[in-house]
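# Architecture and fold: a report
Residues per chain, in single letters:
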Amino acid sequence: MTSQTSHVPTADQIRRAPKVLLHDHLDGGLRPGTIIELAREQGYSKLPETEPDKLGIWFREAADSGSLERYLETFAHTCAVMQTREALFRVAAECAVDLAEDGVVYAEVRYAPEQHLEAGLTLEEVVEAVNEGFREGERLAREAGHRIRVGALLTAMRHAARSLEIAELANRHRDDGVVGFDIAGAEAGFPPTRHLDAFEYLKRENNHFTIHAGEAFGLPSIWQALQWCGADRLGHGVRIIDDIEVADDGSVRLGRLASYVRDKRIPLEMCPTSNLQTGAAASYAEHPVGLLRKLHFRATVNTDNRLMSGTSMSREFELLVDAFDYTLDDLQWFTVNAMKSAFIPFDERLAMINDVIKPGYAELKSEWLFRQTATTSASSGREG
Ligand SMILES: O=c1[nH]cnc2c1ncn2[C@H]1C[C@H](O)[C@@H](CO)O1
Ligand SMILES: [Zn+2]
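Reading guide: rules and limits
- Residues numbered from 1 in each chain as written.
- Chains lettered and ligands numbered in written order.
- Predicted model: local features only at pLDDT ≥ 70, side-chain atom pairs only at ≥ 80, totals over all residues.
- Heavy atoms only, no water.
- Patch = residues over 30% accessible without salt bridge, like charges linked within 9 Å, V, L, I, M, F, W, Y side chains within 5 Å.
- Areas by Shrake-Rupley, 256 points an atom, 1.4 Å probe, with all protein chains shown as cover.
- Salt bridge = Lys/Arg side-chain N within 4 Å of Asp/Glu carboxyl O.
- Lys, Arg positive; Asp, Glu negative; His and termini not counted.
- Charge placed at Lys NZ, Arg CZ, Asp CG, Glu CD.
- Helix = DSSP H or I, 4+ residues; strand = E, 2+ residues; numbered from the N terminus.
- pLDDT = per-residue confidence, 0-100.
- Contact = heavy atoms within 4.5 Å.
- Buried < 20%, exposed > 50% of the residue type's maximum accessible area, 1.4 Å probe, protein only.
- Donors = N, O, S within 2.8 Å, 3.2 Å for Na, K, Ca; no water.
- Tetrahedral: all angles 85-135°; square planar, octahedral: opposite > 155°, others 65-115°.
- Polar contact = N/O pair within 3.5 Å; in protein donor to acceptor, adjacent residues only side chain to side chain.
- Near = heavy atom within 4 Å.
- Nonpolar A, V, L, I, M, F, W, Y, C, P; charged D, E, K, R; others polar.
- Pairing = 2+ DSSP bridges.
- Right-handed = clockwise from strand over helix to strand, strands pointing away.

### Structural notes on a negative patch on the surface
On the surface, a cluster of negative charge is made up of Glu125, Glu128, Asp175 and Asp176. Secondary-structure assignment places Asp176 in the loop between α8 (163-172) and β4 (178-184).

And the structure:
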């Protein structure tokens, strides 16, 4: 018998379900058609393709190498066309519209302001343009019947040396759409402790930050991010699986670090498709999210780079439903986890959970009742 809780969601239900996205890069989510138009307007001639479908495929294939370093090379093209106020505004607005259309109700979208200064913008101007774009996108989404709230995370590149400056920038804009800070880029060789002054500054300011850690590099990176730097969340964090032993009889033993992550409810911003592309996981079925969800880690599901992974929040959920037979209850669990872990104030997170997320899933979970009633009356009608 079908029960409410065992209901396997359809693709359409997944799209309509309220979703929360904590890990999405602005420069990894452009529409291919927009890249082509911006390149034409700005005289950027190095795009590998000039037709939107082909360019989308090019990004997915180029990012599919199994190496984080090669994956990151593809961002040269997106950053190249995001150097003016107008371009940043457009990309941010389209990002909010696209996420809203996919059923995302709350998103934290990150980008590295230092990568958008080539045409003479200042760091402040970059942040202002992106913030204005997000507000415009929220407005356009509302006009189209969707509700979304987007916060920005400012990223510092881990190979560079501007993290304190970017942390200060994030802090200056904390009441103006910037909800936190992050570091990203190649992980091996660039440990989080290189940026300790930035993290210590943010802690003194009672501000929030996440750190890309445990993606291309393992436990030492996660340990540093948490115990030296004090990260509120882990970007990816999938390699925490290296500190978990599952015996043949199914019993599980957590090491000290994995226990700490679970006990302290440290949010893991997991991005399944991205992890497959960079070699951090072998397949969806083997992705650590399956075990971590079972063990009640504070796991969340994210897109990372929608362009490079050819994905969306709905698609990531669909892939996990296929791999792990997740129900709407599982998807709600991931969504509530993400909302609890967001960087906006507690009362606003709670209101999102109680007034948007739970009612949204309750509505979806009730649909099977009506579908069954409709089928019954239709068939009894035919019989009569
Ligand atoms: O998954 C990632 N790991 C590390 N760095 C990343 C990842 N995805 C994107 N980035 C980098 C490339 C972008 O240019 C930068 C800022 O969004 O962050
Ligand atoms: Zn990322």
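### A short note on the confidence of the model for the protein chain
Scored by pLDDT, the protein chain has a mean of 94; 95% of the residues are at 70 or more. Every residue in residues 1-5 is under pLDDT 50, and counting partners more than four places away or in other chains gives 6 contacts. For residues 378-384, every residue scores under 50 in pLDDT, and the model assigns this stretch 0 contacts once sequence neighbours within four places are set aside. Prediction confidence for the complex, expressed as pTM and ipTM, is 0.95 and 0.99 respectively.

### A closer look at the pattern of salt bridges
Enumeration according to the criterion identifies 23 salt bridges in this entry. The partner of Asp182 in a salt bridge is Arg110, with the nearest N and O atoms 3.1 Å apart. Taken together, the positions of Asp182 in strand β4 and Arg110 in strand β2 (residues 104-111) put the pair 72 residues apart, joining distant regions of the chain. Accessibility assignment for this pair places Asp182 and Arg110 in one class, buried. The closest approach of N and O atoms between Arg239 and Asp242, which form a salt bridge, is 2.8 Å. The network of salt bridges with common partners includes Arg31, Glu37, Arg90, Glu94 and Asp98.

### A word on the coordination of the zinc ion (ligand 2)
Note on the zinc ion (ligand 2): its protein donors are His23 (NE2), His25 (NE2), His212 (NE2) and Asp304 (OD). The metal-donor distances range over 2.1 to 2.2 Å. In this structure, the zinc ion (ligand 2) is surrounded by 4 donor atoms whose angles at the metal cover 83 to 170°, and the resulting shape is irregular. For the zinc ion (ligand 2), the donor residues sit on a single chain with the sequence spacing H-x1-H-x186-H-x91-D. Note that His25 is positioned in strand β1 (residues 19-25) and Asp304 in the loop between β10 (299-301) and α14 (306-309), a separation of 279 residues in sequence. In this structure Asp304 comes out as buried when scored by relative accessible area, which is 2%.

### Brief notes about the side chain of His25
You can call His25 buried: its relative accessible area is 9%. Here His212 takes part through its side chain, which lies 3.3 Å from a polar atom of the side chain of His25. Once residues lying within four places of it in the same chain are set aside, the contact partners of His25 are Val109, Arg110, Ala184, His212, Asp304 and Asn305.

### Re the site of ligand 1
As a structural note, the neighbourhood of ligand 1 is formed by 16 residues, with His25, Asp27, Gln115, Glu215 and Asp304 the closest of them. Within the side chain of His25, an N or O atom sits 2.7 Å from an oxygen atom of ligand 1. Between ligand 1 and Asp304 there is a distance of 2.8 Å, counted from an oxygen atom to a side-chain nitrogen or oxygen. Coverage of ligand 1 by the protein chains reaches 99% of its 400 Å² of free accessible surface. The residue makeup of the shell around ligand 1, split by class, is 7 nonpolar, 6 polar and 3 charged.

### Observations regarding the pairing of strand β6 (residues 233-236)
When strand β5 (residues 210-213) meets β6, the two strands line up parallel, connected through 4 bridges. Following the sheet pairing, Ala213 is matched in β6 by His236. The parallel pair β5 and β6 is bridged by helix α10 (residues 219-228), and the resulting crossover is right-handed. In this sheet, strand β9 (residues 268-270) lies alongside β6 in parallel orientation, the contact comprising 2 bridges. Within β9, the position partnered with Leu234 by the bridge is Leu268.

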